[in-house]
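Structural characterization, general
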Amino acid sequence: MVWEFIRLHWRHGIEILILTIGIYQIYRAFKATRGARILVGLVVILVVLTALLQLFRLQVITWIVTRALLVLLVALPVIFQPEIRTALARVGSSRWLDWLLRNDRRQIVFLESLDDAVIMLSKKRIGALFALERNISLKPQEDTGVRLNADFSPELAMSVFFPKSPLHDGAIILAGEKVRAAGCVLPVSQREMSDRSIGLRHRAALGLTEETDAICVVVSEETGAISICSEGSMERDLEPGDFRTRMEEIFLSKTNDDEKSVPQTLGAEDGGPDSGDGSLDAD
Ligand SMILES: Nc1ncnc2c1ncn2[C@@H]1O[C@H](COP(=O)(O)OP(=O)(O)OP(=O)(O)O)[C@@H](O)[C@H]1O
């Protein structure tokens, strides 16, 4: 009996629930706005009028009221424009939506900061090495440097890598938006490379990404070139715009691998320096 009732009416139950939540949310959004009283007034008038018209069966007035209601429906968004804007703004800044978007937003802000820092370092030809932790912990590498646990900012990065600063040698390790440590020693790649111009900073970036899933960003002191290392391969000489795009692709998973634009890649499976596709070889 009970099961039969549930089987027949569960959809009605869900509809009632959705409508109740919807009406309550509209009430909450409009509450404390000037339009709320007008809306309540309108609803009361409509309910009383409909009840009276039904009771006395006044056909002509019913016809007029029905037509007037149609006009009112069109006029409502105009009358309540400020309230609708306030309500929509509230929905946009509501806590649950904020929670949903917060992570992405924080990461976007962080990537923008990192982008600013890398471009500034590159313009000033200040050598820099960033290791960005992902799933595999970089605690062993953190322990070789000085723990900072600070919020990342371009100014902090510039101060750390500024030549002759006590922490300028080595890498900054980043986890999320935090600078975990600076002056860290990363494992140097032991691979033989045909390009002898690849020095220790770039080898250290490659080495870490051979052993972990971290992403490393290198700014060359000699040329100001920006490179990204991941999974033991290196994308070299990235233009600032390309650097930003690649970091977004990696961290915000916006595009698939086929669409990657890689100016120059140094990796285990790549062709030699003269392979004609802009790739460099790790022999
Ligand atoms: N194992 C390591 N871990 C972290 N940083 C390292 C490591 N080895 C060297 N470095 C950093 O790299 C610097 C030396 O850079 P080197 O000139 O050899 O590299 P490079 O790849 O040619 O870079 P650049 O183009 O900036 O000269 C050191 O001063 C130090 O800051």
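Residues numbered from 1 in each chain as written. Predicted model: local features only at pLDDT ≥ 70, side-chain atom pairs only at ≥ 80, totals over all residues.

Focus on the overall build of the protein chain
- In terms of regular secondary structure, the protein chain is built from nine helices and nine strands.
- For the protein chain, long-range pairs separated by at least 24 residues make up 60% of all intrachain contacts whose partners lie at least 6 apart in sequence. (Helix = DSSP H or I, 4+ residues; strand = E, 2+ residues; numbered from the N terminus. Contact = placed C-beta atoms within 7 Å.)

With respect to the pairing of strand β6 (residues 226-230)
- Burial of β6 is extensive: four of the five residues sit out of reach of the surface.
- Note: strand β5 (residues 215-219) against β6, five bridges, orientation antiparallel. Each residue of the ladder has a partner; that of Val-218, found in β6, is Ser-227.
- Following β5, the chain reverses through six residues before pairing antiparallel with β6; Gly-224 in that reversal takes a positive phi of roughly 80 degrees.
- As paired elements, β6 and strand β7 (residues 233-238) share four bridges and run antiparallel to each other. Note on β7: the bridge partner recorded for Ile-226 is Leu-238.
- The turn joining β6 and β7, which pair antiparallel and follow one another in sequence, is formed by two residues; a positive phi near 50 degrees is taken by Glu-231. (Buried ≥ 20, exposed ≤ 12 C-beta atoms within 10 Å, placed from the backbone. Pairing = 2+ DSSP bridges.)

Section: the nonpolar core
- Residues Phe-130, Ala-131, Ala-171, Ile-172, Ala-205 and Cys-216 are the most contacted members of the largest nonpolar core, which totals 41 residues.
- With sequence-adjacent residues up to four places away left out, Ile-172 is seen in contact with Phe-130, Ala-157, Val-160, Val-179 and Ala-182. (Core = buried A, V, L, I, M, F, W, Y, C linked by C-beta atoms within 7 Å.)

Quick notes on the site of the ligand
- In the region of the ligand, 17 residues are neighbours, and Gly-199, Leu-200, Arg-201, Ser-220 and Glu-221 sit closest.
- A per-class count over the shell around the ligand returns eight nonpolar, five polar and four charged. (Near = placed C-beta within 6 Å. Nonpolar A, V, L, I, M, F, W, Y, C, P; charged D, E, K, R; others polar.)

Some words on the UniProt feature "transmembrane region" (unreviewed entry) in the protein chain
- In the UniProt entry, the feature "transmembrane region" (unreviewed entry) is given for residues 12-30, 37-55 and 61-80.
- The annotated region residues 37-55 carries 100% helix and 0% strand content, and the separation between its end C-alpha atoms amounts to 27 Å. (UniProt positions renumbered as here; feature names shortened; annotations may be inferred.)

Here's the deal with unusual backbone geometry
- Positive phi is not limited to glycine here, since Arg-125 has a value of about 55 degrees.
- Here Arg-125 shows up in the loop between α5 (95-123) and β1 (128-132).
- A residue is classified by how many C-beta atoms lie within 10 Å of it, and Arg-125, with 14 of them, is partly exposed.
- Even without being a glycine, Lys-164 presents a positive backbone phi close to 80 degrees.
- Take Lys-164: it is sitting in the loop between α7 (154-161) and β3 (171-175).

Let's talk about helix α3 (residues 59-79)
- Between its first and last C-alpha, α3 extends 29 Å over 21 residues, near the 30 Å set by a 1.5 Å rise per residue.
- Along α3, the helix axis deviates most sharply at Leu-73, where the bend reaches about 30 degrees; the proline Pro-77 sits within four residues downstream.
- Within α3, only zero of the 21 residues are buried, which leaves it mostly out in the open. (Expected span 1.5 Å × (residues − 1). Bend = angle between axes of the 7 residues up to and from the residue.)

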